[in-house]
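Here are the chains, one letter per residue:
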Amino acid sequence: MTDVRLHELAENFGNDHAQAAWDAGAAAIDQIENIVVEEQLDCEFQRVPAYLHVSVDGFSKKDISSLKKDAELANEFDFDATYLRRVPYFNLPGVRFANQAKFHPRKYLGQLVVRIAGGGSHVFEKSAAIRFDPLFIATNNPLVGLTKVTSATLFQTKLALYTSYVLGARAPLDIIPECIFWDTKDPYDYLRIDRGRDFDYAIFGGEDHKTGQVKRTEKPYARLLARLKKIVPAAQIEHRWSGQIISTPDGLPYIGENAEGQFIATGFCGNGITFGTVSAIMARDWATRGKSPWRDLFAVDRIKIKGAARNYFRENKDYPYYLIKDRLTRSGGDSVRDLKAGEGTIIKSRGKKVAAYRNTNGQVRKVSAVCTHMGCLVRWNSAESTWDCPCHGSRFKPTGEVIAGPAEEPLYEYIAITDHSKGLRIAGGIDERALRQQESEIRKTNRAISRAAGKVSVLRSIELNLNPRGEPH
Ligand SMILES: Cc1cc2nc3c(=O)[nH]c(=O)nc-3n(C[C@H](O)[C@H](O)[C@H](O)COP(=O)(O)OP(=O)(O)OC[C@H]3O[C@@H](n4cnc5c(N)ncnc54)[C@H](O)[C@@H]3O)c2cc1C
Ligand code: FES
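The residue numbering used here restarts from 1 in each chain and proceeds along that chain's sequence as written. Written order decides the labels, with chains lettered from A and ligands numbered from 1. With the structure being a predicted model, the display of local features is reserved for residues of pLDDT at least 70 and the display and counting of side-chain atom pairs for 80 or more, all residues being used for whole-chain, interface and lining totals.

Bringing the sheet that holds strand 6 (residues 190-194) into the picture now. At least two DSSP bridges between two strands are needed for those strands to be called paired. Secondary structure is summarised from DSSP: a helix means a run of H or I of at least four residues, a strand means a run of E of at least two, and numbering begins at the N terminus for each. With respect to topology, 8 strands assemble into an open sheet ordered 2-3-1-5-6-7-4-8, the strand pairing being mixed. Two strands close off the open sheet at either side, each with one partner strand: strand 2 (81-84) and strand 8 (236-247). Averaged over neighbouring strand pairs, the angle between their axes works out to 25° when direction is ignored. Here strand 4 (residues 160-171) pairs with strand 8 via 11 bridges, running antiparallel. If you follow valine 166 over to strand 8, its bridge partner there is tryptophan 241. Orientation is described by lines fitted to C-alpha atoms, with helices fitted over the stretch in contact, and by angles between N-to-C directions that extend from 0 to 180 degrees.

Okay, unusual backbone geometry next. Cis geometry marks the peptide bond from aspartate 186 to proline 187, where omega comes out at 0°. Tracing the backbone through its elements, the reader meets proline 187 in the loop between strand 5 (180-183) and strand 6. Phi at glutamine 40 takes a positive value of approximately 50°, unusual for a residue other than glycine. Its place among the elements puts glutamine 40 in the loop between helix 2 (15-38) and strand 1 (46-53).

Here, nearness means that the C-beta atom of a residue, built from backbone geometry, sits within 6 Å of the molecule or strand in question. Among the 18 residues in the neighbourhood of ligand 1, the closest are listed as Thr139, Asn140, Gly243, Gly272 and Ile273. For the shell around ligand 1, the secondary-structure elements that each account for two or more residues are strand 4, strand 8 and helix 7 (272-288). Here the shell around ligand 1 gets 4 residues from one element, more than from any other, and that element is helix 7.

Attention now moves to the packing of helix 1 (residues 6-13) against helix 2. One can describe the packing of helix 1 onto helix 2 by two numbers: an axis separation of 7 Å at closest approach and a directional angle of 130°. On the basis of their axis angle, the class for helix 1 and helix 2 is oblique. Both helix 1 and helix 2 take part in a crossing whose hand is right-handed. Counting all contacts with helix 1, which are made through Leu6, Leu9, Ala10 and Phe13, the residues of helix 2 involved are Asn15, His17, Ala18, Ala21 and Trp22. An angle below 35 degrees is read as roughly parallel, one above 145 as roughly antiparallel, one from 65 to 115 as roughly perpendicular, and any other as oblique. Crossings are classed by handedness, with left-handed meaning an anticlockwise turn of the near helix from the far one by less than a right angle and right-handed meaning a clockwise turn. Working definition of a contact: two residues with C-beta atoms, positioned from the backbone, lying within 7 Å.

A few words now on the sheet that holds strand 12 (residues 352-358). To summarise the sheet geometry, strands pair through backbone hydrogen bonds and adopt either a parallel or an antiparallel arrangement. The antiparallel open sheet is built from 3 strands, whose spatial order is 11-12-13. Each edge of the open sheet carries a strand with a single partner, namely strand 11 (344-349) and strand 13 (364-368). Averaged over all pairs of adjacent strands, the angle between their axes in this sheet comes to 35°, without regard to strand direction. As defined by bridge partners, strand 12 adjoins strand 13 across 5 bridges and the pair is classed as antiparallel. Residue arginine 358 lies in a different strand from strand 13, and its bridge partner there is valine 364.

Looking at any residue, its pLDDT shows the predictor's confidence there, from 0 to 100. Looking at the protein, the pLDDT average stands at 80 and 76% of residues meet or exceed 70. Below pLDDT 50 for its whole length, residues 417-430 participates in 33 contacts with residues either more than four positions away or in separate chains. In the model, residues 453-473 has pLDDT below 50 throughout and makes 27 contacts with residues more than four positions away in sequence or in other chains.

This paragraph deals with helix 4 (residues 105-116). The periodicity of an α-helix, 3.6 residues per turn, causes residues three or four positions apart to be oriented the same way. In this scheme, a helix's expected span is set at 1.5 Å multiplied by one less than its residue total. Between the first and last C-alpha of helix 4 there are 16 Å, a value that for 12 residues agrees with the 16 Å anticipated at 1.5 Å per step. Buried means a residue has 20 or more other C-beta atoms within 10 Å of its own C-beta, exposed means 12 or fewer, and partly exposed covers the counts in between; C-beta atoms are placed from the backbone. Burial analysis of helix 4 places just 1 of its 12 residues in the buried class, which makes it a mostly uncovered element. Phi turns positive, to about 115°, at glycine 118, one or two residues after helix 4.

Here it is in C-alpha cells:
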C-alpha cells in the first residue's frame, strides 16, 4: 500500500500505473519474506491485515465513498481488499487489506548487514566516499557532495521533508488485534500493535507537518496523546519521538538513473521499508540488466503527472517565503541572559542572526542561524532540542552538527572576530565568502524553481527584492 490513496494514484497516474505501484510494494514484501526465510532471520516477520478506516474525530459520506472506491480498485488490481462497515477494535467504517506484513526492522537489518560482506561487497559506516566504482550511499535524502549545487538543489525542490510524531505505549494485553491501522485524515494517524507477554505495545503516530514550520512542537504530542487516550484509554506512554518523512509532489518515490552512472532512490514517503526494498531490486536490475519494469513509473525526471505541478508549487512556495520572512522577523533579542538551560533561541549579534543554545551546565554555544543548505534561518525545536530549517527540513544538533539533510555541513561556528589579514572578513564569525557563494546558488536555484513552477510571479518579485546579501532592501 502507498501513503497516497489508491483512487488518487489511479486518478493521477491511470489504472495501469497505480496497479504497478502497488505491485511494487507487494513484490517488496515478498522479497523481504524470501530473505527472512532463506537467511533464517529471527525478526518477528509475520503477515497481518491492514485496516484503513475513517477518523475517530468524525467522517463524511465522501470518506465512505472513497473507501469503497479504494476497495473496488484494489480488487480490480487483484489485491485482497474488503470494505467493512466496522473494522475491528475501532468499530468504524474502513477497508481491510490482506497480506501486509510487520517485522522488527532493526533485527532484520542487523542480521542482514553482516551477511552482505564478501564476494566483492562491503558495508561502510562513518566513512567519506571519495572515489567509487560502483558504490551505494544509503542516506535517504540525496547528498549534494561535489556535484553541481544548482542541479542538486533543484532536485531537492522536488522533495519535501515532513516531521512525524510518534508515541510508544503499553496497552492492555490482547484487546487490539495485532495488525496495521491508519485513518483517512490528512495527515493520517497510524497505529501498530505488537503482542507481548505481559502487555501489548502500541506505536501511535501522526500530526505530520513540514519540518521546522511549527513553532510549538509540544502541541502535536499533546494532540496525539489525547487521540491515543480516546482510542486506548488504558495506554501508558513510555516513549515519544519524531522522525523524518521525505515526500514527493505526486506521492511516489524517485528511483532510477539521475545522471550517467548515478542511481538515486529517495522520496519514500511513509513506505521506505517497502520502497527501499523496491529500490534495491531496481538498482540491482539497473546494474546487471540495465532495465526494470518500474523504470518509467518511478523515473527521477518524470514530468507528466496529473495534479503534481500544483503540489510542486505548494511545497516550494515555502522556500522563498521563509527565506525572506525569517530575515524580516525580529530575533529573540541581543542577549542570552534569559536563555534557560537546555533551550535555544535566535539572537541578533553584530547584525547577524545567531543560534544560541545553553547546555545543562549553563554554557552557551553560538552558531550561525543560516542553514548551510540554501540559506534559510533555522528555528529552535523545543520538543526535540534541535535546530530545524523550515525550507527543506534539515535538522541540526544544538551545537550545529547535521542530524538530517539535505544540509551536509554543520551550522557555521560563531567567532566574534574580524580578520582582514586573509582578505576574508569573518563578521560575527560567519564566513562572508561562503555566504556570498551560497546566496548566488540560492539566486540560481530560485530562478530554476521559477522556471520549473511555470514562471510564478510571486517568486520573481521576492527575488527582485533581495539585495546582494540575500536580505530584503
Ligand atoms: C514514524 C515512522 C513510521 C514509518 N512507518 C513505516 C512503515 O510502516 N512502513 C514503511 O515501509 N516505512 C515506514 N516509514 C518510512 C521508513 O522508515 C523510512 O522511509 C526508511 O527507514 C528509510 O530508509 P533509508 O535506509 O532510506 O534511510 P534511513 O533509515 O533514514 O537511513 C539513512 C542513513 O544515512 C545516514 N546519513 C544521512 N546523511 C548522511 C551523510 N551525509 N553521510 C553519511 N551518512 C548519512 C543517516 O544517519 C542514516 O543512518 C516510517 C517512517 C517513520 C518516520
Ligand atoms: S534545508 Fe534547505 S535551506 Fe535549510
